[in-house]
Amino acid sequence: MSLRTKFMLALLLTGLAAVAMVGGLAYVGMTKKVDSIRREQAAEHFHATVTAYLQQYGSWQASPGRDGFDEYMRSGDRPPPLSDGAQGEERRPPPPPQGGEGRPRAGEPPFRFILADQDYRVLLGAGVYHPGEPLPDAARKDARAVTVNGSVVAYVSPEGVITPSKQELQYLAAMRDALWFGVSAAAVLAVALGLLLSRSLGRTLGCLTDAVRAMHGGSLLQRVPVQGKDEVAELAAAFNDMSEKLARSHKELQDSHQTILLQAEQMRELSVRDALTKLHNRRHFDEQASTLFSHAVRHKRPLSVVIGDIDYFKKINDQFSHATGDAVLRQVGEILRSHMRLSDLVARYGGEEFVIAFPETELPQAAALCDKLRGMIESFPWHQVHPELKVTMSMGVYADLAAGTAEAMLQKADALLYRAKETGRNRVCFAA
Ligand SMILES: Nc1nc2c(ncn2[C@@H]2O[C@H](COP(=O)(O)OP(=O)(O)OP(=O)(O)O)[C@@H](O)[C@H]2O)c(=O)[nH]1
């Protein structure tokens, strides 16, 4: 059940309960009060009726009896209430028990109280006592004497039965209708208020729920409308603040994570690069050459490895300066790098030594490529670096996987390089 429905139900139930309680209490209280007034008036009227009745007949024994009295009570034209002190005054004679237009009326007498004769013997028991039995002492206490010509001829007790009149019943029905109208009006008012209040409350809470779901989905920066100054508005403002802080710190975290990744990548790159020539270094070459060798053996594919060494490099250093030697190393590295395929592997192996691995390359192609590289190094306009500078390179190329390892192939290439140096330098020696 949604919060809005709960809220409306709570208002509805509270409204109904309040109206039912107030209306019910008022109804019960009023009914009791009306009942007590009616009872008082009825008792007074009964006393007056009995007095008038007995005045007419002198005594209860002289009267036509109970039926006569009941008929007398039922008649609409009753004497005005009489007090004990009114005895002896001239009274309007009560109407006869029967006769007269429209009388007697049908049905029960309007009230029936306990009536006893002057000796407290019950005449009318009102459903409590039997006629003829003595009235108990407790009942005698409240009994009121009926006097005729100065003598007590009967006693009337306020205990009895009252039959509500048609008019009284109409009053009670009108009260019940008013109570039901109040309950219905309260229900309509509660629903209307519930709708009104829950709409504004539900809107903010709905926005908050959507925003939290969105945050859960990854969108940390959320804003919900802040309306009014109540606790819900405070909650919405606090949520906006929290979402903003969370999004900001998440961004900072992401940025620093990115920086760390970048730095790690730079460090990794630095660790596999030669600082002077920017070619890969020996460690990286050894790792990668080993992988290339395994791949070539597994797939029975050709692989050629090369070692190149700048001729008389010590002399270059000595004759032209160490800086010139560095410039030569950088330029040779650039010539080698710019003529490699992406799949080839070239590195500065140390000092003035460079190594190359050509995957998917047979010896003749590798030897031809090396000779081309050697020619390029030789023909580079070194005089632009220094007028008298000349640079050449000797190379050894080896392509037999039977050597067993990449390292062993490199040793074979190194032997061929030695041969190239021995046989005059600026040349490429190779062997299958
Ligand atoms: N400028 C410079 N010189 C270096 C660097 N690394 C090594 N060298 C020098 O390179 C020289 C290599 O000399 P050798 O091993 O005698 O070889 P070579 O003089 O080239 O003689 P051959 O190889 O027989 O032709 C040494 O003098 C090293 O100091 C470097 O990074 N920069």
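As annotated in an unreviewed UniProt entry, the protein chain carries the name diguanylate cyclase and comes from Duganella rivi. Its UniProt record, at the heading Catalytic activity (unreviewed entry), says of the protein chain: "2 GTP = 3',3'-c-di-GMP + 2 diphosphate".

Colleague: Describe the sheet that holds strand β8 (residues 393-398), and please don't skip the residues or the numbers.
Modeller: Reading across the sheet, the five strands line up as β6-β7-β5-β8-β9 and stay open at both edges, with mixed pairing between neighbours. Each edge of the open sheet carries a strand with a single partner, namely β6 (345-350) and β9 (428-431). Between one strand axis and the next, the sheet turns by 15° as a mean value, whatever way the strands run. The pairing of β6 with strand β7 (residues 353-359) spans five bridges and is classified as antiparallel. Bridging from a neighbouring strand, Arg-348 pairs with Phe-354 of β7. Seen against the sheet, helix α9 (residues 363-379) touches β5 (303-310), β7, β8 and β9 and runs at an angle of roughly 170° to β8.

Colleague: Lay out the UniProt feature "transmembrane region" (unreviewed entry) in the protein chain in plain terms, naming residues and giving numbers.
Modeller: In the UniProt entry, the feature "transmembrane region" (unreviewed entry) is given for residues 178-197. Spanning residues 178-197, this segment combines 100% helix with 0% strand, and its end C-alpha atoms are found 28 Å apart.

Colleague: I'd like a description of the site of the ligand, backed by residues and values.
Modeller: Taken together, 15 residues lie near the ligand, and Asp-311, Phe-313, Lys-314, Gly-325 and Gly-351 sit nearest. Secondary structure elements with two or more residues in the shell around the ligand: β5, α7 (313-320) and α8 (322-338). The element that contributes the greatest number of residues to the shell around the ligand is α8, accounting for four residues. For the shell around the ligand, a count of residues per class yields five nonpolar, four polar and six charged.

Colleague: I'd like a rundown of the pairing of β8, residues and numbers included.
Modeller: Of all six residues that make up β8, six are buried, and the element is covered over most of its length. On β8, burial covers both faces: Met-393, Met-395 and Val-397 on one face and Ser-394, Gly-396 and Tyr-398 on the other are all buried. Where β5 lies against β8, six bridges are found, and the strand directions are antiparallel. Its bridge partner being in β8, Ile-307 is matched across the sheet by Gly-396.

Colleague: Could you give an account of the nonpolar core, with specific residues and numbers?
Modeller: Of all hydrophobic cores here, the largest spans 48 residues; its most connected members are Val-305, Val-306, Val-397 and Ala-413. The element contributing the most residues to this core is helix α10 (residues 406-422), with seven residues. Those residues in contact with Val-305 that sit more than four places away from it in its chain are Ala-289, Ala-357, Tyr-398, Ala-406, Met-409, Leu-410 and Ala-413. Residues Phe-113, Leu-115, Val-153 and Ala-154 belong to the second largest nonpolar core, which totals 28 residues.

Colleague: Could you give me a rundown of the pairing of β9, with the residues and numbers involved?
Modeller: Where β8 lies against β9, four bridges are found, and the strand directions are parallel. Bridge pairing in β9 links Gly-396 to Cys-429. The parallel pair β8 and β9, bridged by α10, forms a crossover whose chirality is left-handed.

What counts, and at which threshold
- Residues numbered from 1 in each chain as written.
- Predicted model: local features only at pLDDT ≥ 70, side-chain atom pairs only at ≥ 80, totals over all residues.
- UniProt positions renumbered as here; feature names shortened; annotations may be inferred.
- Pairing = 2+ DSSP bridges.
- Helix = DSSP H or I, 4+ residues; strand = E, 2+ residues; numbered from the N terminus.
- Axes fitted to C-alpha atoms, helices over the stretch in contact; angles between N-to-C directions.
- Contact = placed C-beta atoms within 7 Å.
- Near = placed C-beta within 6 Å.
- Nonpolar A, V, L, I, M, F, W, Y, C, P; charged D, E, K, R; others polar.
- Buried ≥ 20, exposed ≤ 12 C-beta atoms within 10 Å, placed from the backbone.
- Core = buried A, V, L, I, M, F, W, Y, C linked by C-beta atoms within 7 Å.
- Right-handed = clockwise from strand over helix to strand, strands pointing away.

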